[in-house]
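Topology and contacts: notes
As a plain string of letters, each chain reads:
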Amino acid sequence: MKKWIIRRGGGGVGIDPISADLLWYYKFNGNSYRAYGTNNGGSSGVTYTSAPSGQCAVFDGSSFISIDDSEDFNLGASDWTIFTWVNPSVININQYVLGQSTALGGNTSLFLSITVGNKINFYLENTIGGSISLVSTSSVLANNWYFVSIKRSGDTVTLKLNDIQEDSDTFASTVNNSLYKMSIGAFGEYRVDMLQGKVGMFAGWGRALEDEEETQLYNSGSGWKFNSNPPINSANPLQISY
């Protein structure tokens, strides 16, 4: 069953089709608050500026946004999609874009990073310590925006960069349900190799988005400000199901 979010605006009531089964959505529109989801983020040293998707958070290698764990981030064994925009200000270093872990880097569910070789790397861990890593074939450049989407459909996890598939692997397992903080600009509660750059939007769905929906979100590099007017009660919005 899919859930469609109804939003209220000055022009009346409308429906955002792409937001069906949305789990969390952070716009970074001048703050670290959720536009949809359970918990607001708390920030340390983060500033905000313009981005293709509207606004973005700016990280200096010591700043971060920290979000308390919730069932939003428990991906389980079902289909899901995660996307974000990232723009590194420096390259040729290892740096974490986002992730969930302890202060020692343990009890991980996932992380997204930029490697020292300037590749996008997505790491996913299961409940018994097994894992996969998806690595882009393309290299990223400093001061350029990249649309990153990761999708699980059945037992296949796919990494896309700027709406082009870069890697995929089989993951026939349940994603580890880490109970620690999800952070942006850092790897959970692990404060090493933190991001120097920008992140614009961070969202997750409890379904595998259609390729056409991912293309719509990418919008030829301009970004699509989906659900730009979030529900009045973001934690418990009006919904219709079918």
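Residues numbered from 1 in each chain as written. Predicted model: local features only at pLDDT ≥ 70, side-chain atom pairs only at ≥ 80, totals over all residues. Heavy atoms only, no water.

**Some points on unusual backbone geometry**
In this structure, N118 is a non-glycine residue whose phi angle is positive, near 70°. Turning to its location among the elements, N118 is positioned in the loop between β11 (110–114) and β12 (119–125). For N118, a relative accessible area of 9% puts it in the buried group. Non-glycine residue N143 carries a positive phi angle of around 65°. Positionally, N143 belongs in the loop between β13 (131–139) and β14 (146–153). With relative accessibility at 56%, the residue N143 sits in the exposed group. (Helix = DSSP H or I, 4+ residues; strand = E, 2+ residues; numbered from the N terminus. Buried < 20%, exposed > 50% of the residue type's maximum accessible area, 1.4 Å probe, protein only.)

**A word on the sheet that holds β12**
Spatial strand order, β5-β8-β17-β10-β11-β12-β13: 7 strands in an open sheet with antiparallel pairing. Looking along the sheet, the strands with just one partner apiece sit at the ends: β5 (41–44) and β13. Adjacent strand axes in the sheet meet at a mean angle of 20°, parallel and antiparallel pairs treated alike. Summarising the sheet, strand β8 (residues 64–67) and strand β17 (residues 182–184) pair through 3 bridges and their orientation is antiparallel. Each bridged residue has a counterpart across the sheet, and for I67 the counterpart in β17 is M182. (Pairing = 2+ DSSP bridges. Axes fitted to C-alpha atoms, helices over the stretch in contact; angles between N-to-C directions.)

**Some details on helix α1 (residues 211–218)**
Along α1, the positions that sit buried rather than exposed are E213, E214, L217 and Y218. The buried residues of α1 all sit within an arc of 140° when viewed along its axis, so they share a single face. Contacts from the buried residues of α1 go to β9 (80–88), β14, β15 (156–161) and β18 (196–205). Just downstream of α1 lies N219, where phi reads positive at about 55°. (Arc of directions from axis to C-beta. Contact = heavy atoms within 4.5 Å.)

**Focus: the nonpolar core**
W80, I120, L124 and F202 are the most contacted members of the largest nonpolar core, which has 37 residues in total. With 14 residues, the next largest nonpolar core counts I18, F83, W205 and Y218 among its residues. (Core = buried A, V, L, I, M, F, W, Y, C linked by side-chain atoms within 4.5 Å.)

**Comments concerning empty space enclosed by the protein**
Taken as a whole and assessed by the stated rule, the structure comprises 1 cavity of 30 Å³ or more. Contributing to the lining of the largest cavity are I82, T84, L98, L110, L112, F122 and I150. Looking at the lining of the largest cavity, the elements with two or more residues in it are β9 and β11. Grouping the amino acids of the lining of the largest cavity by side-chain chemistry returns 6 nonpolar, 1 polar and no charged. (1 Å grid on protein atoms, 1.4 Å probe; cavity = no way out; pocket = protein on both sides within 12 Å on 5 of 7 lines; lining within 4 Å. Points joined across faces, edges and corners; volume = space filled by probe spheres on them. Nonpolar A, V, L, I, M, F, W, Y, C, P; charged D, E, K, R; others polar.)

**Details of the packing of aromatic side chains**
All told, the structure shown has 15 aromatic pairs when counted by the stated rule. Considering the side-chain rings of F83 and F147, the 5.3 Å spacing of their centres and the 40° angle between planes classify their relative orientation as tilted. Of this pair, F83 sits in strand β9 while F147 sits in strand β14, and the two are 64 residues apart along the sequence. Take F147: its relative accessible area is 0%, and that puts it in the buried class. Here the aromatic residues F83, W85, F147, W205 and Y218 are joined through ring pairs into a cluster of three or more. The lysine or arginine in question, R191, covers the ring of F64, its NZ or CZ lying 3.7 Å from the ring centre. (Phe/Tyr/Trp six-rings, centres within 6.5 Å; stacked < 30°, edge-to-face > 60°. Lys NZ or Arg CZ within 6 Å of the ring centre and 35° of its normal.)

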